[in-house]
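Per-entry structural report
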Amino acid sequence: MTKVTFLFPGGKEAEAAPDRLSLRRDSDTPADSLELEILAERPLFSLEPTGVRAERDGVLLFLGILDEHTVLLGAAGRRERFSCRSLAARMIDCEALPGVLQDPSLRLMEQRFLRPLGLFLGEGDRSVKRGILQVKKGVSVWQVLNDFGRDLLRTAPYCGRGGEVIFAARAARVLPVKNVETAEISQRPYSAVSRVAVQNTRNGMYTAVWENPNAEGICRVRYLSASAKTSPRAVIEAGERGRLAVRLLCGGYFDGDP
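1. Some points on the pattern of salt bridges
For the structure on display, the rule yields 21 salt bridges. Between arginine 150 and aspartate 147 there is a salt bridge, with its nearest N and O atoms 3.5 Å apart. Taken together, the positions of arginine 150 and aspartate 147, both in helix α3 (residues 141-153) and three residues apart, correspond to about one turn of that helix. What makes aspartate 147 buried here is its relative accessible area of 19%. Beyond isolated ion pairs, a larger network of salt bridges with shared partners links Arg20, Glu35, Glu37, Arg79 and Arg81.

This is the structure:
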């Protein structure tokens, strides 16, 4: 059973049963999105909610902020629609405090960037890292955390459902797919990269070349600067992963993470 609770200023809460619920999780953004629609002849609440919590059989599915509340009037009756994003959206929406951080650590990142947003640090290496992290004006908190993870921890951060930011590899899970109604399998040669050339630090020429043996008949070249953080192998492997796409439509609920 799915339970939806609206959150209000001052700690007040109110439950409501949605007629339609859509929960979306994507790998290219830290914030999940939730859309609710409720049939209501009169206003649901006297106060405007600021957040939403969704649970299923006692397990947290979503905790986030309300982005938009719309009242729809038409032949189908009066409906209220709520568009929400998970707490990770605050890191996208908020600019980071500019400055230069000498020998930063995850504890410092939590104190400086996460706690002010109501977020907290999950799993990760909390030791001090030798180096400098420059935070430029206008950069989002999420971008700063990504830069820190990439340059000093060699790992990409991701967000848990309760507002924790994790700097560690995702735990692998295998979920059985049930009640498949339709299946779509697509081969995508356009994703493949046939060759990657890397700039020489001495003369600036792109003389180091990596060939993709699986890209016969495909011509798609990429160039990496000498200072690029991405390796040629990673570019080729990313293209290979994108060559196959599978889309399944399943009846019922499927609790999958990216």
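2. Considerations on the side chain of asparagine 212
Assignment of secondary structure puts asparagine 212 in the loop between β15 (208-211) and β16 (221-224). Judged by relative accessible area, which is 8%, asparagine 212 ranks as buried. A polar atom in the side chain of asparagine 212 sits 3.0 Å from the backbone nitrogen of asparagine 214. A polar contact is formed between the side chain of asparagine 212 and the side chain of glutamate 240, at a distance of 2.9 Å. Sequence-distant contacts of asparagine 212, that is, excluding residues within four places in its chain, are made with Val193, Ser194, Ile236 and Glu240.

Calculation criteria
Residues numbered from 1 in each chain as written. Predicted model: local features only at pLDDT ≥ 70, side-chain atom pairs only at ≥ 80, totals over all residues. Heavy atoms only, no water. Salt bridge = Lys/Arg side-chain N within 4 Å of Asp/Glu carboxyl O. Helix = DSSP H or I, 4+ residues; strand = E, 2+ residues; numbered from the N terminus. Buried < 20%, exposed > 50% of the residue type's maximum accessible area, 1.4 Å probe, protein only. Polar contact = N/O pair within 3.5 Å; in protein donor to acceptor, adjacent residues only side chain to side chain. Contact = heavy atoms within 4.5 Å.

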